[in-house]
Amino acid sequence: MKKEIPYKIYLSEAELPKAWCNLRAFMKDKPAPLLDGATLQPITLETLSKIFCKELAAQELNDVDKYIEIPQEVRDFYKMYRPAPLIRAYCLEKALGTPAKIYYKFEGNNTSGSHKLNSAIAQAYYAKQEGLKGVTTETGAGQWGTALSMACAYFGLDCQVFMVKCSYEQKPFRREVMRTYGAKVTPSPSQSTEVGRKILHEFPNTPGSLGCAISEAVETASKTDGYRYALGSVLNQVLLHQSVIGLETKTALDKYGEKADIIIGCAGGGSNLGGLIAPFMAEKLQGKADYRFIAVEPASCPTLTRGKYAYDYCDTGKVCPLSKMYTLGSGFMPAASHAGGLRYHGMTSTLSKLYDDKLMEARSVEQTKVFEAAEYFARIEGILPAPESSHAIRVAIDEAMKCKETGEEKTIVFGLTGTGYFDMMSYEKFHDGKMTDYIPTDGEIEKALAKLPKI
Ligand SMILES: *Cc1c(COP(=O)(O)O)cnc(C)c1O
């Protein structure tokens, strides 16, 4: 007889994964290598180690080892908020009247409020191991900066965060959480870097951008002794660390003999989705099981659905290596959107390759439809979701409604990446009917793509 499935499937500490799953190692056709911006040749460990600490640079280039051990200190930190529960959305299923079974993996159970802490703690750990003094980073909406501040506080590292100026002013609570954890938060562009001064000279009233904040953080790290730069998404190392999400999800489903049919996640730089699907995609690549994977992105920043698969810069300042990925062009300026964590012009190279090989699907959704789903979900399942996460909720509901039409009993799993407590201004706009849906024209996208580097 099949075991009755509880509302929440908890795992024990002993079931916390002991190794991360390195998805690229399972791919026969590997993602294209990162290129050094100066030579346009595949980047070497030596060059990459000037930006990132050595162990992380090595992880960035490792497409051979299928599993990489999670250091004991990192596992110990994970134990404070993991394993994260896999929740069976019985209430949502009932409200929708769908025969589908819906599960979601909730990553909002920590103070930073999102999955980003899974990689932040690993990155801080390796920096500490290497004897560094501190790290620099950028943050847009603030989730990554918060997570890295927490991780640095734990290991006694300095943390310097360049926060996009408009967020710095509009999100004082996020800023103060970071300062509570000891981070130095600077509005970007700032007077403290060459890049910042140059931009301020040209555009004194700029609200700032993520691309500019990245350039400031990289410059500061490279000019300060004992500092390295840390990034919260897009990179292979971040996908690797986030595989803890997928590994736990798989263990929880296996415990009850459940098999996912469709796995859904929101995609900004692609790290939570890459981590969620890692062990499942590994099975698919080995021919052991089949799954459908769906990446969900905002219609205002449609990287996979309308972008181009090409080499591009990861930042506007062009200081980072080039990556072959789906991109809208590093000069693409997405319209202000309430899902700040999904406003990135590119997509991690691993997911880009899998999508190009038709192993994964992608869908774009408009933000008013996303907030409708967010509010519906909050009222039924109780959790107040982040706008980013709500992209996955939207498509999970759409898929469950298709099952209602066809009578199919599919099992749908989606990633609920975080909570939306700091996004109440966005919810307010939605409630007041002031939220609009901006969809870029083909002309705007073509214009940004015309500036792709010729490689
Ligand atoms: C940053 C963020 C995302 C998007 O980042 P990915 O790297 O694509 O996972 C999604 N949800 C939340 C809550 C975030 O903070």
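Look up a bit, the structure's there.
Residues numbered from 1 in each chain as written. Predicted model: local features only at pLDDT ≥ 70, side-chain atom pairs only at ≥ 80, totals over all residues. Heavy atoms only, no water.

Engineer: Residue-level account of the overall build of the protein, with values.
Structural biologist: The helix and strand inventory of the protein stands at 18 helices and 15 strands. Against the 2.2 N^0.38 benchmark of 23 Å for 455 residues, the protein shows a C-alpha radius of gyration of 21 Å, consistent with a compact globule. Judged by the C-alpha coordinates and their principal axes, the protein covers about 65 × 50 × 45 Å. In the protein, buried positions account for 63% of the 455 residues. Counting contacts in the protein only where the partners sit at least 6 residues apart, residues at least 24 apart contribute 76% of the total. Each charge class in the protein was averaged separately, 55 positive and 54 negative side chains, and the resulting centres sit 0 Å apart. (Helix = DSSP H or I, 4+ residues; strand = E, 2+ residues; numbered from the N terminus. Rg over C-alpha atoms; globule rule 2.2 N^0.38 Å. Buried < 20%, exposed > 50% of the residue type's maximum accessible area, 1.4 Å probe, protein only. Contact = heavy atoms within 4.5 Å. Lys, Arg positive; Asp, Glu negative; His and termini not counted. Charge placed at Lys NZ, Arg CZ, Asp CG, Glu CD.)

Engineer: Outline unusual backbone geometry, listing residues and values.
Structural biologist: Omega for the peptide link from Arg82 to Pro83 comes to -10°, which places this bond in the cis form. Looking at the element boundaries, Pro83 is found in the loop between α3 (72–78) and β4 (86–88). A cis geometry characterises the amide bond from Ser188 onward to Pro189, with omega recorded as 5°. One can find Pro189 in the loop between β8 (184–188) and α9 (194–202). Positive phi is not limited to glycine here, since Val234 has a value of about 65°. With respect to the secondary-structure elements, Val234 resides in the loop between β9 (227–229) and α11 (236–255).

Engineer: Could you give an account of the site of the ligand, with specific residues and numbers?
Structural biologist: The immediate surroundings of the ligand are formed by 18 residues, with Lys116, Ser233, Gly268, Ser271 and Asn272 found nearest. A distance of 2.8 Å separates an oxygen atom of the ligand from a polar atom in the backbone of Gly270. Between the ligand and Asn272, the relevant distance is 2.7 Å, taken from an oxygen atom to a side-chain nitrogen or oxygen of the residue. Expressed as a share of its isolated accessible area of 380 Å², the protein-covered part of the ligand is 98%. A per-class count over the shell around the ligand returns four nonpolar, twelve polar and two charged. (Near = heavy atom within 4 Å. Polar contact = N/O pair within 3.5 Å; in protein donor to acceptor, adjacent residues only side chain to side chain. Areas by Shrake-Rupley, 256 points an atom, 1.4 Å probe, with all protein chains shown as cover. Nonpolar A, V, L, I, M, F, W, Y, C, P; charged D, E, K, R; others polar.)

Engineer: Please give an account of the packing of α11 against helix α12 (residues 271–285) that cites residues and values.
Structural biologist: Put simply, α11 and α12 touch, their axes get as near as 6 Å, and they point 55° apart. Classified by the angle between their axes, α11 and α12 sit oblique to one another. As α11 runs across α12, the sense of the crossing is right-handed. On the side of α11, the interface is formed by Val238, Leu239, Gln242, Ser243, Ile245, Gly246, Leu247, Thr249, Lys250 and Leu253, while α12 contributes Ser271, Asn272, Gly274, Gly275, Leu276, Ala278, Pro279, Phe280 and Glu283. Of the residues in the contact of α11 with α12, the class split is nine nonpolar, eight polar and two charged. (Axes fitted to C-alpha atoms, helices over the stretch in contact; angles between N-to-C directions. Parallel < 35°, antiparallel > 145°, perpendicular 65-115°, else oblique. Left-handed = near helix turned anticlockwise from the far one by under 90°.)

Engineer: Would you mind going over the pattern of salt bridges in detail, with residue names and values included?
Structural biologist: In the structure shown here, the tally under the stated rule is 25 salt bridges. With its nearest N and O atoms 2.7 Å apart, the salt bridge here joins Arg88 to Glu93. Comparing Arg88 with Glu93, the two get one shared label, buried. Salt-bridge contacts for Lys223 lead to Glu219; the nearest nitrogen and oxygen are separated by 3.2 Å. Here Glu219 and Lys223 lie together in helix α10 (residues 210–223), a separation of four residues that amounts to about one turn. In the salt-bridge network here, residues are joined through shared partners; they are Arg292, Glu361, Arg363, Glu399 and Lys402. (Salt bridge = Lys/Arg side-chain N within 4 Å of Asp/Glu carboxyl O.)

Engineer: Hey, could you go over the sheet that holds strand β5 (residues 101–106) for me, with residue numbers and the actual values?
Structural biologist: Pairing in this open sheet of seven strands is mixed, and the strands run β1-β4-β5-β15-β10-β11-β14 from one edge to the other. For this open sheet the edge positions go to β1 (8–9) and β14 (361–365), each flanked by a neighbour on one side alone. Sheet topology places β5 next to strand β15 (residues 411–416); six bridges connect them, and they run parallel. Across the sheet, the residue bridging to Lys101 is Thr411, located in β15. (Pairing = 2+ DSSP bridges.)

Engineer: I'd love a proper account of the side chain of Glu216, names of residues and values included.
Structural biologist: Note that Glu216 resides in helix α10. No salt bridge forms around the buried Glu216; measuring N to O, its nearest opposite-charge neighbour Arg197 is 7.6 Å away. Of note is the side chain of Glu216, whose polar atom sits 2.5 Å from the side chain of Thr193. Discounting chain neighbours no more than four positions away, the residues touching Glu216 are Phe162, Ser188, Pro189, Ser190, Thr193, Val195 and Gly196.

Engineer: Account for the packing of aromatic side chains, with residues named and values stated.
Structural biologist: On inspection of all chains with the given rule, the structure shows 18 aromatic pairs. Taking 5.2 Å as the distance between ring centres and 70° as the angle between the ring planes, the aromatic pair formed by Tyr104 and Phe377 counts as edge-to-face. In this pair, Tyr104 is assigned in strand β5 and Phe377 in helix α15 (residues 367–381), connecting sequence segments 273 residues apart. We classify Phe377 as buried; its relative accessible area is 0%. (Phe/Tyr/Trp six-rings, centres within 6.5 Å; stacked < 30°, edge-to-face > 60°.)

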